[in-house]
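# Structure at a glance
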Amino acid sequence: MALAYDNSASASLSSGASSITSASWAIAGSDRILIASAYSGAGTPAQATGMKWGGSGGVALTEIGTGVTANTYFTGSAWKLIAPAAASQTLYGSWGSTQDELAIGGISLTGADQTTGVRTGGSASAAAQAWSPTATVNVTTVADDVVVDSVSGNSTGNSYLTIAVGAGQTSRQEIDLVSATNWGWGMSTEVATGTSVTMSWTINGVGGADAGWIIKAVPVIPAGAAAPSEAFLTMPPMIPGGWNTGRW
């Protein structure tokens, strides 16, 4: 079974909180994986301390790599859960302190590797500490991987902000104006055709001293792709007096 998109959901708050829960959404299919992201903004921002599938008492996700902070005002992190329960449940994110704005989102895929799920050391992050209209990151892949990315852009003051997904990507979730003023967030997917994929978003807003963006990309492994081919595990039979000249 090919690695494929299943479902997704997102949620945001701008009233100040230390946790957030999405609406209930369904995960189904076989060889499942859940890739999630968590973003926050504050004068003193904190990285998310945890994410769970199934509400605050659910199954914990594992963070992929380390969280990123951009321009001292907002943070982002990526998370995974192999074989999440095939059910209609909620995604939950928590922080160690109250944040001004919060956003979380998750994308479920089927046909994913059930051992590590994502390429070891393959996830990539980038951040802009000043205004730039394009958020971009390059991630190492193998053909048929599915890259899941998440982006957050912060404009300055009360300026309007929107985001637009890059060419070749499929937008799965987008939230413009997370704080009703100047913050946008999104997630997308793209199927890899070679050894690298560039994920990008265009951010439409007004730059300034506190503007910037964060983008993270994670390559998900198709089921069976991580195992070596059987052809490389078995030597061909020997012909007496010399090497077997037949093909492996």
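Conventions and cut-offs
- Residues numbered from 1 in each chain as written.
- Predicted model: local features only at pLDDT ≥ 70, side-chain atom pairs only at ≥ 80, totals over all residues.
- Heavy atoms only, no water.
- Pairing = 2+ DSSP bridges.
- Helix = DSSP H or I, 4+ residues; strand = E, 2+ residues; numbered from the N terminus.
- Axes fitted to C-alpha atoms, helices over the stretch in contact; angles between N-to-C directions.
- Phe/Tyr/Trp six-rings, centres within 6.5 Å; stacked < 30°, edge-to-face > 60°.
- Buried < 20%, exposed > 50% of the residue type's maximum accessible area, 1.4 Å probe, protein only.
- Lys NZ or Arg CZ within 6 Å of the ring centre and 35° of its normal.
- Core = buried A, V, L, I, M, F, W, Y, C linked by side-chain atoms within 4.5 Å.
- Contact = heavy atoms within 4.5 Å.
- 1 Å grid on protein atoms, 1.4 Å probe; cavity = no way out; pocket = protein on both sides within 12 Å on 5 of 7 lines; lining within 4 Å.
- Points joined across faces, edges and corners; volume = space filled by probe spheres on them.
- Nonpolar A, V, L, I, M, F, W, Y, C, P; charged D, E, K, R; others polar.
- pLDDT = per-residue confidence, 0-100.

What follows concerns the sheet that holds strand β8 (residues 74-82). Strand order in the open sheet formed by 5 strands is β1-β11-β4-β8-β7, and the pairing between neighbours is antiparallel. One side of each edge strand has no neighbouring strand; the edge strands of this open sheet are β1 (4-13) and β7 (62-70). Sheet twist, expressed as the mean angle between neighbouring strand axes with direction ignored, is 10°. Relative to strand β11 (residues 101-110), β1 runs antiparallel, the two being bridged by 9 bridges. Looking at β11, one finds that Leu13 is bridged to Leu102.

For the structure shown, the criterion picks out 1 aromatic pair. Judged by centre distance (5.0 Å) and plane angle (70°), the ring pair of Trp25 and Trp53 falls under edge-to-face. Pair noted here: Trp25 is in strand β3 (residues 25-26) and Trp53 is in strand β5 (residues 48-53), with a separation of 28 residues, a long-range link. With a relative accessible area of 5%, Trp25 lands in the buried category. Accessibility expressed as a relative area gives 2% for Trp53, which makes it buried. It is Arg172 that lies over the ring of Tyr5; its NZ or CZ is 3.7 Å from the centre.

Counting 23 residues, the largest nonpolar core has Ile33, Ile35, Leu109, Val118, Val148 and Val220 as the members making the most contacts within it. The contacts of Ile35, once residues within four sequence positions are left out, are Ile64, Trp79, Lys80, Gly105, Gly106, Ile107, Val118, Val148, Met187, Val218 and Val220. Counting 19 residues, the second-largest nonpolar core is a separate cluster that includes Ala17, Leu34, Met51 and Ile104.

Another point: empty space enclosed by the protein. Considering all chains together, one arrives at 1 cavity of 30 Å³ or more under this definition. Computed from the structure, the largest cavity encloses a volume of approximately 30 Å³. Forming the boundary of the largest cavity are Ile35, Ala36, Ala78, Val148, Asp149, Ser150, Met187, Lys216, Ala217 and Val218. Of all the secondary-structure elements, those providing two or more residues to the lining of the largest cavity are β4 (33-41), β14 (146-154) and β19 (212-220). Along the lines of polarity and charge, the residues of the lining of the largest cavity split into 7 nonpolar, 1 polar and 2 charged.

Turning our attention to the sheet that holds strand β17 (residues 183-191). Taken in spatial order, the 5 strands line up as β12-β19-β14-β17-β16 in an open sheet, and their pairing is antiparallel. Because the sheet does not close on itself, it has two edges, and the strands there are β12 (124-128) and β16 (170-175). The sheet shows a mean angle of 10° between the axes of neighbouring strands, taken without regard to direction. Here β16 runs beside β17; their pairing, made up of 5 bridges, is antiparallel. Each bridged residue has a counterpart across the sheet, and for Glu174 the counterpart in β17 is Gly186.

Mean pLDDT over the protein chain: 85, with 83% of residues reaching 70 or higher. In the predicted structure, residues 227-248 sits below a pLDDT of 50 and forms 9 contacts with residues beyond four places in sequence or in another chain.

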